[in-house]
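Coordinate analysis (summary)
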Amino acid sequence: GTVGIVPDGISGIFHSRPGKDVLHLGSKRGLMRIACEEGALLAGGWFPGTSDVFTIVQDPFGIMQSISRKLKISVFLFYGR
C-alpha cells in the first residue's frame, strides 16, 4: 500500500496561500526515525500548485492553530475546487 503524508503538518497548513508554495520542515525527525526502525521505503516528492486547489480560511487570532496543536490534529476550514 501507499500512504501520503504532509511533512510540514499543522505549520504548513496555516501558512499556505493560493499561488504560494511553502514547506515547513523544522527539526521534525520522528517520521524518518519510525520509518527507519520499521524498514519502510521512503520516496520524497514535491507537488507544486497544491495550494491552488483549495483556500484555507485564515484565522487572524490563531485560535484554530492553537486548537490543532493541543489536539495534535489539523482543525481548519477550507473552500475551493
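Here we summarise the structure given alongside this text. If you're wondering where the values come from, they're calculated on a predicted model, not measured in any experiment.

Observations regarding the pattern of salt bridges
Applying the stated criterion to the full structure yields one salt bridge. For the salt bridge of Arg33 with Glu37, the shortest nitrogen-to-oxygen distance reads 3.3 Å. On the criterion of helical spacing, the pair formed by Arg33 and Glu37 is a turn pair, its members being four residues apart in helix H2 (residues 30-38).

Re the environment of Thr50
With respect to the helices and strands, Thr50 occurs in the loop between H2 and strand E1 (54-56). Residue class for Thr50 comes out partly exposed when judged on its relative accessible area of 45%.

Observations concerning the packing of aromatic side chains
Applying the stated criterion to the full structure yields one aromatic pair. When the centroid spacing of 5.9 Å and the interplanar angle of 45° are considered together, the rings of Phe76 and Phe78 count as tilted. Classification of Phe76 as partly exposed rests on a relative accessible area of 24%.

Comments concerning the side chain of Ser68
Relative to the elements of secondary structure, Ser68 occurs in helix H3 (residues 63-71). When near neighbours in sequence (up to four residues on either side) are disregarded, Ser68 contacts Ile10, Phe14, Ile73, Ser74 and Val75.

Side note on unusual backbone geometry
Even without a glycine there, the phi angle at Lys72 is positive, about 60°. Of note, Lys72 is situated in the loop between H3 and strand E2 (78-80). Residue classification places Lys72 among the exposed positions, given a relative accessible area of 71%.

Calculation rules
Sequence positions are assigned chain by chain, starting from 1 and proceeding in written order. Note on the predicted model: pLDDT of at least 70 is required for a residue's local features to be given, and 80 or more for side-chain atom pairs to be given and counted; whole-chain, interface and lining totals, by contrast, use all residues. Note: side-chain values were computed over all heavy atoms of the structure, leaving out hydrogens and water. Salt bridges are defined as contacts in which a side-chain nitrogen from Lys or Arg sits within 4 Å of a carboxyl oxygen from Asp or Glu. A helix here means a DSSP run of H or I that spans at least four residues, while a strand means a run of E at least two residues long, and both kinds are numbered starting from the N terminus. Relative accessibility under 20% of the residue-type maximum defines a buried residue, over 50% an exposed one, and the middle range a partly exposed one, all with a 1.4 Å probe and only protein chains included. Two rings from Phe, Tyr or Trp (for Trp, the six-membered ring) form a pair when their centres are within 6.5 Å of each other. A pair whose planes differ by under 30 degrees is stacked, one over 60 is edge-to-face, and the rest are tilted. The contact rule is simple, with two residues in contact once any of their heavy atoms fall within 4.5 Å.

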